[in-house]
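Take a look at the letters that make up each chain.
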Amino acid sequence: MTWGLIRFELCRILGYTRLMEIEIIQAIQSIHSNVVLFLTTFVSYFSSWIGFVFILITLLLFARFRFALTFAIASGVVSGVVNIVKVIVQRPRPWVESETVANLLEASGYSMPSGHTANSVVIAVFLCYFIIRTIKNKPLKISLCVLCGVYVLAVMFSRMFLGQHYLSDVCVGFLVGGLISVVAIVVYDKFIRPLNIKRKRKQ
């Protein structure tokens, strides 16, 4: 099966859900206010390279260097996969395809999948792992992990509210970010973290 045929099938499937997803975006944008616009814009920016740099610096300061490096590599892989899928699918932004969708934060490139959502999932998964490994207070641990989940949902909501992605875009972004980050965490926990423990025993 050629890339052209794969792209054709994906576009055909996405075409069936287009009208429904535009209605979802319209419903979300109907709650428009300056406060919602500010919050969604802030959350959206924090799931871009700004959030990546902030979390990377935080991990470098408070976690092991290898963990921070694993986070950086996972984020890079996610960005690469997202860009490849975008080129294959070439799905226009919602505000490009429909005049009824307001363009509240113009973004370049294609729509499928949502790179911001994928990035937010990587950030959330790595933060949750770090929280679980370092914080002993169970209620605080659970609360912080729940906040990480809320952060991801807020990013997904913000990308649709701002008119940059369809529901299917953010769902695929969630899956891409989730799968790659979980694999990265498993590799770190099973193979990379034990190296630090062995080094301590030798010392």
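All values derive from a computational prediction rather than experimental measurement. (Residues numbered from 1 in each chain as written. Predicted model: local features only at pLDDT ≥ 70, side-chain atom pairs only at ≥ 80, totals over all residues. Heavy atoms only, no water.)

A few words now on unusual backbone geometry. With an omega of -5 degrees, the peptide bond running from Met112 to Pro113 counts as cis. As for its position among the elements, Pro113 is in the loop between α5 (94–97) and α6 (115–134). For Gln90, which is not glycine, the phi dihedral falls at a positive 55 degrees. (Helix = DSSP H or I, 4+ residues; strand = E, 2+ residues; numbered from the N terminus.)

Turning next to the environment of Val150. Structurally, Val150 is set in helix α7 (residues 138–161). Of the residues examined, Val150 reaches a relative accessible area of 45% and is grouped as partly exposed. Residues Val150 and Ala124, spaced 26 residues apart in sequence, show a C-alpha to C-alpha distance of 9.4 Å. (Buried < 20%, exposed > 50% of the residue type's maximum accessible area, 1.4 Å probe, protein only.)

Turning our eyes to something else, we now look at the pattern of salt bridges. According to the stated counting rule, one finds 3 salt bridges in the structure shown. The residue Asp169 makes a salt bridge to Arg91 at a minimum N-O spacing of 2.9 Å. One end of the pair, Asp169, is in helix α8 (residues 167–202); the other, Arg91, is in the loop between α4 (65–89) and α5, with 78 residues separating them in the sequence. Residues Asp169 and Arg91 agree in their burial class; the two are buried. Where Asp189 meets Arg193, a salt bridge forms, and the shortest distance between an N and an O atom there is 3.1 Å. (Salt bridge = Lys/Arg side-chain N within 4 Å of Asp/Glu carboxyl O.)

Formed by 38 residues in total, the largest nonpolar core has its most connected members in Leu59, Phe67, Phe71, Val78, Val122, Phe126 and Val152. Those elements that place two or more of their residues in this core are α3 (49–62), α4, α6, α7 and α8. Ranked by the residues each element gives to this core, the list is headed by α6, at 10 residues. Other than its neighbours up to four places away in sequence, Phe126 contacts Phe67, Thr70, Phe71, Ala74, Ser181, Ala184 and Ile185. (Core = buried A, V, L, I, M, F, W, Y, C linked by side-chain atoms within 4.5 Å. Contact = heavy atoms within 4.5 Å.)

A few words on the layout of surface pockets. Taken as a whole, the largest pocket encloses approximately 350 Å³ of empty space. What lines the largest pocket is a set of 16 residues, among which Ile55, Leu127, Leu144, Leu147 and Cys148 lie closest to the centre. Of the residues forming the lining of the largest pocket, the biggest block, 6 residues, is contributed by α7. Its residues assigned to classes, the lining of the largest pocket shows 15 nonpolar, 1 polar and no charged. One number sums up the size of the second largest pocket: a volume of about 300 Å³. (1 Å grid on protein atoms, 1.4 Å probe; cavity = no way out; pocket = protein on both sides within 12 Å on 5 of 7 lines; lining within 4 Å. Points joined across faces, edges and corners; volume = space filled by probe spheres on them. Nonpolar A, V, L, I, M, F, W, Y, C, P; charged D, E, K, R; others polar.)

The full count for this structure, using the stated rule, is 10 aromatic pairs. Measuring from centroid to centroid gives 6.0 Å for Phe46 and Tyr151, while their planes differ by 80 degrees, and the two rings are edge-to-face. Taken as a pair, Phe46 in helix α2 (residues 34–46) and Tyr151 in helix α7 lie far apart in primary sequence, 105 residues in all. Here Phe46 falls in the partly exposed class, since its relative accessible area comes to 24%. Three or more aromatic residues joined by ring pairs form one cluster here, namely Phe52, Phe67, Phe71, Phe126, Tyr129 and Tyr188. (Phe/Tyr/Trp six-rings, centres within 6.5 Å; stacked < 30°, edge-to-face > 60°.)

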